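# Fold and contact review
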Number of protein chains: 2
Amino acid sequence: MTLGAVKIAKGPETLAGVLRDDILSGAIEPGASLAPERALVEQTGLSRATVREALRILETEGLVISRPGRNGGARVQPVNDNGVAKAVQFLIRGRRLDNATLRETREVLEGATARLAAERRTAADLAEIAAISARLEAAIDDLPRLAEENARWHIAVAQAGHNPLLTAFMKSIAAAISHPSGDAHPELPREGRAALIKAHRRVVEAIQARDADAAERRMLRHLRAYEPRTRGK
Amino acid sequence: MTLGAVKIAKGPETLAGVLRDDILSGAIEPGASLAPERALVEQTGLSRATVREALRILETEGLVISRPGRNGGARVQPVNDNGVAKAVQFLIRGRRLDNATLRETREVLEGATARLAAERRTAADLAEIAAISARLEAAIDDLPRLAEENARWHIAVAQAGHNPLLTAFMKSIAAAISHPSGDAHPELPREGRAALIKAHRRVVEAIQARDADAAERRMLRHLRAYEPRTRGK
DNA sequence: AGCATAGTTTTGGCCTGACCATTATAACAT
DNA sequence: ATGTTATAATGGTCAGGCCAAAACTATGCT
């Protein structure tokens, strides 16, 4: 019988594991504070440095944030999708993933979320999307603002699909696409901006009409409108 | 003008940020070691505790692993998709995402990767899938082994799609689906196992024939075959 | 020569104890 | 009441040490 490499859990990781389980299982509610560092030292018999490294692990994982001062301490955060986005950013930067891969992934995700949005959107979802659309259309001549509201619009559509995983994935790559290598937003001409608004409207109409096929089709058409002409590898 | 909360970078995070940039930019190659802790202490003027917390951050992010002993130290790891999988696990556990969401997400991802696999698979991809299929078919009466090879098969198909992001997303949820709340594998009857093998074969045939529509269709049919009868929310 | 064995060195892992910085509360003075 | 000044609680950082693990080096026995 062969054994794989046995992972030896070190002190900080062991303590972090215990606390992590308490957080993810809900035994410690979001908003509540962990015991102060010095109390953890007494309870665990570990040194303060070790306890602090454990807390640093949890903080890096996004499960707590630490604040100094009286009534400070490590406060449990509600689990959100920032951690996924961060890990995806690492993957994109570290593996030098190209824009074609990002766009392709985005099409898969947004095609699916547009379809789901048409099937599941609530009145509140529609209101949220409409509010963003109004702000976006008002910002047609303010390019940075337009780009910002555009990102919000796509995220709102994804959220209307009510699948938290697909939403998380979509947000992860949306962040990478809006900041293409730190560069500013490419000069989209004014007629392009008008076309964007029109395309959004058509997608929203399909979602409102609960027409899943149309929502997916129009979203994909919208996304593909901005691809470089050099398509078809 | 209103300002958002200004994020004050603490010592460890600042140092981690510098090192992280060096790693993600490729200035430090995977496999290479960071300077020893005591050297970083001298170079930065920080204390050893601070330096260690910085390294712990990088270790938690999966960018380095630290090993004791001579020639030990913090070794830079190639960036992989484990970090994404870990963050997704947190999201699933912390937000109590249900199996319906996981299955739905899986269908979106695997439908897309099956399609891409048909378009892009290389001879090496096909060989890899064939090897796994052979092992899987040989393990038809060894349920744990079957489940393991089944997971490998789906991952191999995703990889044949040559989109690292979609592959990472798919692996992230595949891990959660194979371990449904720690329970063992449900007793799939023998004829179900035979049907699984047949379904796999049909998918592979489509991928081999570069028939993207058929690959997607057959993969979705395969995935939906195991859903509970209570469909349609 | 060859090979086991025992140092030696490098490096992370952990501990003790201290002091500083920040924040909220309590006490006090006006 | 209200503004100001302690005081306490808590994380942030530092200094210095010792232990544990791992790799290299020298030794000594065949």
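Residues numbered from 1 in each chain as written. Chains lettered and ligands numbered in written order. Predicted model: local features only at pLDDT ≥ 70, side-chain atom pairs only at ≥ 80, totals over all residues. Heavy atoms only, no water.

### Things to note about the protein's contact with DNA strand C
With respect to spatial proximity, 22 residues lie near DNA strand C, and among them Lys10, Gly11, Thr50 and Gly69 of chain A together with Arg38 of chain B are the closest. Ser47 of chain A places a side-chain nitrogen or oxygen 3.0 Å from a phosphate oxygen of DNA strand C. Between DNA strand C and Gly69 of chain B, the relevant distance is 3.3 Å, taken from a base oxygen to a main-chain nitrogen or oxygen of the residue. Among the residues forming the surface near DNA strand C, the class breakdown is five nonpolar, seven polar and 10 charged. (Near = heavy atom within 4 Å. Polar contact = N/O pair within 3.5 Å; in protein donor to acceptor, adjacent residues only side chain to side chain. Nonpolar A, V, L, I, M, F, W, Y, C, P; charged D, E, K, R; others polar.)

### Remarks on the protein's contact with DNA strand D
Around DNA strand D lies a shell of 23 residues, among which Arg38 and Arg52 of chain A together with Lys10, Gly11 and Thr50 of chain B are the nearest. For DNA strand D, the backbone makes up 63% of the atoms found within 4 Å of the protein, where backbone means sugar plus phosphate. With respect to DNA strand D, the side chain of Arg38 of chain A contributes an N or O atom lying 2.8 Å from a base nitrogen. At a separation of 3.5 Å, a base nitrogen of DNA strand D approaches a polar backbone atom of Arg70 of chain A. When residues of the surface near DNA strand D are traced back to their parent elements, those giving at least two are helix H2 (37–44) and helix H3 (48–60) of chain A together with helix H1 (11–24) and helix H3 (48–60) of chain B. (Helix = DSSP H or I, 4+ residues; strand = E, 2+ residues; numbered from the N terminus.)

### What to know about the relation of the copies chain B and chain A
One chain copy maps onto the other through a rotation about an axis and a shift parallel to that axis. At an RMSD of 0.0 Å, chain B and chain A line up after a rotation of 180° and a shift of 0.0 Å along the axis. Viewed as a symmetry operation, the transformation between the two copies matches a two-fold axis. The overlap is high: 100% of the interface residues of chain B also sit at the interface in chain A, so the same surface is used on both sides. (Least-squares fit on C-alpha atoms with pLDDT ≥ 70 in both. Contact = heavy atoms within 4.5 Å.)

### Remarks on the nonpolar core
Residues Leu34 of chain A together with Leu34 of chain B are the most contacted members of the largest nonpolar core, which totals 77 residues. The element best represented in this core is helix H8 (residues 164–178) of chain B, accounting for nine residues. Beyond its immediate chain neighbours, meaning those up to four positions away, Leu34 of chain A contacts Leu19, Ile28, Leu55, Leu58, Val64, Ala74 and Val76 of chain A. (Core = buried A, V, L, I, M, F, W, Y, C linked by side-chain atoms within 4.5 Å. Buried < 20%, exposed > 50% of the residue type's maximum accessible area, 1.4 Å probe, protein only.)

### As for the pattern of salt bridges
Summed over all chains, the structure comprises 44 salt bridges over all chains. The shortest N-O distance in the salt bridge between Lys86 of chain A and Glu61 of chain B comes to 3.2 Å. With Lys86 of chain A in helix H4 (residues 82–94) and Glu61 of chain B in the loop between H3 and strand S1 (64–67), this residue pair bridges two chains. Residue Lys86 of chain A is classed as partly exposed on the basis of its relative accessible area, which comes to 31%. Between Glu61 of chain B and Arg20 of chain B there is a salt bridge; the shortest N-O distance is 2.5 Å. Taken together, the positions of Glu61 of chain B in the loop between H3 and S1 and Arg20 of chain B in helix H1 put the pair 41 residues apart, joining distant regions of the chain. Note on accessibility: Glu61 of chain B and Arg20 of chain B belong to one class, buried. (Salt bridge = Lys/Arg side-chain N within 4 Å of Asp/Glu carboxyl O.)

### Quick word on unusual backbone geometry
Among all residues save glycine, negative phi is the norm, and among peptide bonds the norm is trans. Phi at His162 of chain A takes a positive value of approximately 55°, unusual for a residue other than glycine. For His162 of chain A, the position within the fold is in the loop between helix H7 (143–160) and helix H8 (164–178). On the basis of relative accessibility, which here comes to 39%, the residue His162 of chain A falls in the partly exposed class. With a phi close to 55°, Arg96 of chain B is a non-glycine residue in the positive phi region. Residue position: Arg96 of chain B is located in the loop between helix H4 (82–94) and helix H5 (99–120).

### Remarks on the confidence of the model for chain A
Residues and elements named next belong to chain A. In this model, chain A carries an average pLDDT of 88, and 90% of its residues clear a pLDDT of 70 or more. Of the regions scoring below 50 in pLDDT, residues 1–5 engages in zero contacts with residues more than four places distant in sequence or in other chains. Confidence drops under a pLDDT of 50 for residues 229–233, and excluding neighbours within four residues, the segment shows one contact in the predicted structure. (pLDDT = per-residue confidence, 0-100.)

### Considerations on the interface of chain B and chain A
On the side of chain A, 48 residues touch chain B, which itself brings 48 residues to the contact. Where chain B meets chain A, there are 12 salt bridges. Applying the counting rule to chain B against chain A returns 19 residue pairs in polar contact (both at pLDDT 80 or more). Looking at the side of chain B that touches chain A, the element that brings in the most residues is H4 of chain B, giving 10 residues. Tallied by class, the residues present in the side of chain B that touches chain A amount to 23 nonpolar, 10 polar and 15 charged.

### Overview of the domain arrangement of chain A
When the domains of chain A are assigned, the result is domain 1 (11–76) and domain 2 (82–224). Look at where the C-alpha atoms of domain 1 of chain A and domain 2 of chain A centre, and you get two points 36 Å apart. (Domains from an automatic or database assignment.)

### Some remarks on the pairing of strand S1 (residues 64–67) of chain A
Residues and elements named next belong to chain A. Note: S1 against strand S2 (residues 73–76), four bridges, orientation antiparallel. Of the residues in S2, the one forming a bridge with Val64 is Val76. Here S1 folds back onto S2, and the loop between the two strands holds five residues, one of which, Gly69, carries a positive phi near 95°. (Pairing = 2+ DSSP bridges.)

### Describing helix H6 (residues 123–138) of chain B
Residue and element names in this part refer to chain B. Counted at 1.5 Å a residue, the expected span for H6 with its 16 residues is 22 Å, and the 23 Å between its end C-alpha atoms agrees. Listing the buried residues of H6 in full gives Asp125, Leu126, Ile129, Ile132, Ser133 and Leu136. Seen end-on, H6 carries its buried residues on one side only, within an arc spanning 130°. Facing away from the buried side of H6, by more than 90 degrees, are the exposed residues Ala123, Ala124 and Ala138. Looking at the buried positions of H6, the neighbouring elements they touch are H5, helix H7 (143–160) and helix H9 (190–208). The residue sitting at the N-terminus of H6 and contributing the capping side-chain oxygen is Thr122; that oxygen lies 3.3 Å from the backbone nitrogen of Ala124. (Expected span 1.5 Å × (residues − 1). Arc of directions from axis to C-beta.)

### Notes on helix H10 (residues 212–224) of chain B
Residues and elements named next belong to chain B. With 13 residues, H10 should reach 18 Å at 1.5 Å per residue; the first-to-last C-alpha distance of 18 Å fits that figure. For H10, the complete set of buried residues consists of Ala212, Ala214, Ala215, Met219, Leu220, His222 and Leu223. On its buried side, H10 packs onto H5, H7 and H9. Of the residues that open H10, the one with a side-chain oxygen 3.4 Å from the backbone nitrogen of Asp213 is Asp211.

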